[in-house]
Amino acid sequence: PASLTDAELVGIVLGISIDAAAGALRALGGLAALQRCGGGDFAAAGFSQIRAAKLRAVGELAVRMQAAPLQRGEALRTAERVYAAYGPRLRGAAQECFIAVALDAKHHVLAEREIARGHLTGVEVHPRELYGWAARESACSVLVLHNHPSGDETPSPDDVALTSRLSRAGLVVGIKLLDHVVIGDGRFTSLSEQGALGA
């Protein structure tokens, strides 16, 4: 399979000719655009509802196979591990998604939760939602992350301000913010490494 073209793979999965698969992929904008496509996009490219569903299911399987999901009790200490776990899951998402991971005293995973889902260029997060949940999970610290649908991992001024606000709130409630990782397309930025968490 590794030697086959995208069109050949799609043709095999859907049981259509390579030419038909190639034309449909061109109409959709290539494999990278599949996660952002809606039903209307697939119909315009010539896919039936059943074939569109099959293609989306294969795409979701690929994402899940590539992701390295966090397990309860697993140590989470680096931004690289955060990206490995969440980068594939968030790649191609059309909205910003803000996720928190609750950690114990040794930085082992207790739980994870999507705190907020935003729009194309932003997401609104309130400290009470993050730390209320973290307290219920008996967390000693939290690590947060969100994606940029644009693919640019550069933190925005709003990202920096939010990180500072969450860090200060964590000090008040006694649950430390370890890092805020911004996930882009194939890259990530650790706001902790950039000094945005403060003292």
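Residues numbered from 1 in each chain as written. Predicted model: local features only at pLDDT ≥ 70, side-chain atom pairs only at ≥ 80, totals over all residues. Heavy atoms only, no water.

Draft legend 1. Quick peek at helix 1 (residues 6-14). Within the sequence span of helix 1, burial applies to Ala7, Val10, Gly11 and Leu14. An end-on view of helix 1 places all buried positions within 100° of arc, on one side of the element. Directly beyond the C-terminal end of helix 1, a positive phi value near 70° is found at Gly15. (Buried < 20%, exposed > 50% of the residue type's maximum accessible area, 1.4 Å probe, protein only. Helix = DSSP H or I, 4+ residues; strand = E, 2+ residues; numbered from the N terminus. Arc of directions from axis to C-beta.)

Draft legend 2. Structural detail: the side chain of Ser141. For Ser141, the position within the fold is in strand 3 (residues 141-147). The exposure class assigned to Ser141 is buried, which follows from its relative accessible area of 4%. In this structure Ser141 touches Val101, Ala102, Leu103, Asp104, His107, Ile175, Lys176 and Leu178, once residues within four positions along its chain are discounted. (Contact = heavy atoms within 4.5 Å.)

Draft legend 3. Region of interest: the sheet that holds strand 3. Spatially, five strands are ordered 2-1-3-4-5 in an open sheet, and the strand pairing comes out mixed. Of all the strands in the sheet, just strand 2 (109-117) and strand 5 (188-190) have a single pairing partner and so form its edges. Averaged over all pairs of adjacent strands, the angle between strand axes in this sheet comes to 20°, irrespective of strand direction. Where strand 4 (residues 176-183) lies against strand 5, three bridges are found, and the strand directions are antiparallel. Its bridge partner being in strand 5, Val182 is matched across the sheet by Thr189. Along the sheet, helix 6 (residues 127-136) contacts strand 1 (97-103), strand 2, strand 3 and strand 4; its crossing angle with strand 2, the most-contacted strand, is approximately 155°. Along the sheet, helix 7 (residues 157-173) makes contact with strand 1, strand 3 and strand 4, crossing strand 4 at roughly 160°. (Pairing = 2+ DSSP bridges. Axes fitted to C-alpha atoms, helices over the stretch in contact; angles between N-to-C directions.)

Remember that the coordinates give geometry; whether it matters functionally is a separate question.
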